[in-house]
Amino acid sequence: MTTPAWLPRELYPFESRYADLGDCTVHYVDEGSGLTILFLHGNPTWSFLYRNVIRGLRDSFRCIALDYPGFGLSWVRPGSGYGYRVADHADAVERFVLELDLRDVVLTAQDWGGPIGLTVATRHPDRFRGFVLGNTWAWPVNGTFHFEAFSRVMGGPVGRAFIRHANAFVNVMIPLGTATKLPDEVMAAYRGPFQTPGERRPTWELPREILRARPFLQRLLDSMPVLADRPALFVWGGGDTALRSSVELPRLQELFPDHETVVLEGAKHYFQEDAPEEVTAAIRAWMNR
């Protein structure tokens, strides 16, 4: 596959690899060697989110980062029925882990990457040895006003029109979710996978899932005890007003008694953009311990 014009190779200097999973083809990068770290992104990002962290860790660890179908450089086969729901993405990641026969994995996940990756881990706990989690969750958001309002607005007709015609989840949510203004070429790389209104559907489906996937998220929460004996590192953007260090972080800490926590006070939701060096250092130090 050729590199798209909107992706500068100097920002993303990795070999692109592809896994055929039947109804979709998943793009991923596989850099370095050693203990495997599997990076999972959220909405509306892709493996590009972890580019600086991968470059900082690949000298000591095997760093694998994939794009969900419909995100980044992955795609869905026409007529396959892939619905871009969180359950679809979890199934795709599960098939990816089995296809590559990944074992002894440290899952690193942010935003929707948490529910997606943790679901896979609860299905195959023998393949996962630990977790690095940031600005994410693992339960249904029942009765949480700002989550429910966000899901109804951004996942409803108004949000759909805003996303389809203005690529709003990239053009609005990424700037709101970062503490620093991202360079034009970085924003172009985030806009790149969503050039047309039809390509933007995956970024609209996930806001709907906040409410629509409540049964899925409840099953995840009920399954979490199988992972309770694994060590976890929480790297959290302290300036995130959606997934807060004062609310969501303590709930995750309860699920993983053996944990360490690093709160990045100046970083927001997409903390990998705000503080990549700090994220890299925290992961390296924890992994070495």
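Structure's up top.
Residues numbered from 1 in each chain as written. Predicted model: local features only at pLDDT ≥ 70, side-chain atom pairs only at ≥ 80, totals over all residues. Heavy atoms only, no water.

S.K.: What should I look at first to understand the packing of helix α4 (residues 145-154) against helix α8 (residues 201-212) in this one?
M.R.: Two quantities define a packed helix pair, namely the angle between the helix axes and the distance between the axes. Viewed as axis vectors pointing N to C, α4 and α8 meet at an angle of 140°, and their least axial separation amounts to 8 Å. It follows that α4 is oblique to α8 by the angle criterion. The handedness of the crossing between α4 and α8 comes out as left-handed. Touching F147, E148, F150, S151, R152 and M154 of α4 are W204, P207, R208, I210 and L211, all from α8. Here the contact of α4 with α8 is built from residues that sort into seven nonpolar, one polar and three charged. (Axes fitted to C-alpha atoms, helices over the stretch in contact; angles between N-to-C directions. Helix = DSSP H or I, 4+ residues; strand = E, 2+ residues; numbered from the N terminus. Parallel < 35°, antiparallel > 145°, perpendicular 65-115°, else oblique. Left-handed = near helix turned anticlockwise from the far one by under 90°. Contact = heavy atoms within 4.5 Å. Nonpolar A, V, L, I, M, F, W, Y, C, P; charged D, E, K, R; others polar.)

S.K.: Explanation requested: the packing of helix α5 (residues 157-166) against helix α6 (residues 168-176) in the structure shown.
M.R.: Two elements in contact, α5 and α6, have axes separated by 7 Å at closest approach and are oriented at 100°. Here α6 runs roughly perpendicular to α5, going by the angle between their axes. In contact with F162, I163 and A166 of α5, α6 contributes A168, F169, N171 and V172. Tallied by class, the residues present in the contact of α5 with α6 amount to six nonpolar, one polar and no charged.

S.K.: I would appreciate a short explanation of the environment of H124 in the present structure.
M.R.: Tracing the backbone shows H124 in the loop between α3 (113-123) and β7 (128-134). Taking relative accessible area as the criterion, H124 reaches 16% and is therefore assigned buried. In this structure the C-alpha to C-alpha distance between H124 and V97, which are 27 residues apart in sequence, comes to 9.5 Å. Among residues more than four places away in sequence, those in contact with H124 are E94 and L98. A distance of 2.7 Å separates the side chain of H124 from the side chain of E94, its partner in a polar contact. (Buried < 20%, exposed > 50% of the residue type's maximum accessible area, 1.4 Å probe, protein only. Polar contact = N/O pair within 3.5 Å; in protein donor to acceptor, adjacent residues only side chain to side chain.)

S.K.: Help me understand the pairing of strand β9 (residues 259-264) in this model?
M.R.: Here is the key point about a regular strand: its side chains alternate between the two faces of the sheet. Note that strand β8 (residues 232-237) and β9 share six bridges and pair parallel. Bridge assignment links L233 to a residue of β9, and that residue is E260. With helix α10 (residues 248-255) bridging β8 and its parallel neighbour β9, the resulting β-α-β unit is right-handed. (Pairing = 2+ DSSP bridges. Right-handed = clockwise from strand over helix to strand, strands pointing away.)

S.K.: How should the side chain of N167 be read in this particular structure?
M.R.: Note that N167 resides in the loop between α5 and α6. What N167 contacts, discounting residues up to four positions off in sequence, is F162, R191, F194 and R200.

S.K.: Would you take a moment to explain the packing of aromatic side chains for this structure?
M.R.: Here the structure, examined in full by the defined rule, presents 18 aromatic pairs. Ring geometry for Y12 versus F14: centroids 5.1 Å apart, planes at 75°, classification edge-to-face. According to the relative accessible area criterion, Y12 is buried, its value standing at 0%. Here a set of aromatic residues connected by ring pairs shows up, and it is made of W6, Y12, F14, W46, F48 and Y190. Positioned above the aromatic ring of F48, the side-chain terminus of R51 is 4.0 Å from the ring centre. Above the face of the W139 ring, R251 is positioned so that its terminal group lies 4.2 Å from the ring centre. (Phe/Tyr/Trp six-rings, centres within 6.5 Å; stacked < 30°, edge-to-face > 60°. Lys NZ or Arg CZ within 6 Å of the ring centre and 35° of its normal.)

S.K.: Would you mind going over unusual backbone geometry with me for this structure?
M.R.: Trans peptide bonds make up the majority, and among non-glycine residues the majority have a negative phi. For the bond from N43 to P44, the omega torsion is 5°, close enough to zero to count as cis. Mapping P44 onto the fold places it in the loop between β3 (36-40) and α1 (51-57). Even without being glycine, D101 reaches a positive phi, approximately 50°. Along the chain, D101 turns up in the loop between α2 (86-99) and β6 (105-110). Under the relative-accessibility criterion, D101 is labelled partly exposed at 41%. One non-glycine residue with positive phi stands out, namely D104, at about 55°.

S.K.: How do you make sense of the pattern of salt bridges when you look at a structure like this?
M.R.: Between side chains of opposite charge, pairing is possible as soon as their charged atoms come close. For the structure shown, the criterion picks out 22 salt bridges. Close ionic contact of R58 with E31 constitutes a salt bridge, the shortest N to O distance being 2.9 Å. On the criterion of sequence distance, the pair formed by R58 in the loop between α1 and β4 (62-66) and E31 in strand β2 (residues 24-31) is long-range, its members being 27 residues apart. Taking the relative accessible area as the measure of exposure, R58 reaches 27% and is therefore partly exposed. Note that R51 and E273 form a salt bridge whose closest N and O atoms lie 2.8 Å from each other. Here E273 lies in helix α11 (residues 271-274) and R51 lies in helix α1, a separation of 222 residues in the sequence. Residues R51 and E273 agree in their burial class; the two are buried. One salt-bridge network, in which partners are shared between bridges, spans R85, R201, E205, R208, E209 and R212. (Salt bridge = Lys/Arg side-chain N within 4 Å of Asp/Glu carboxyl O.)

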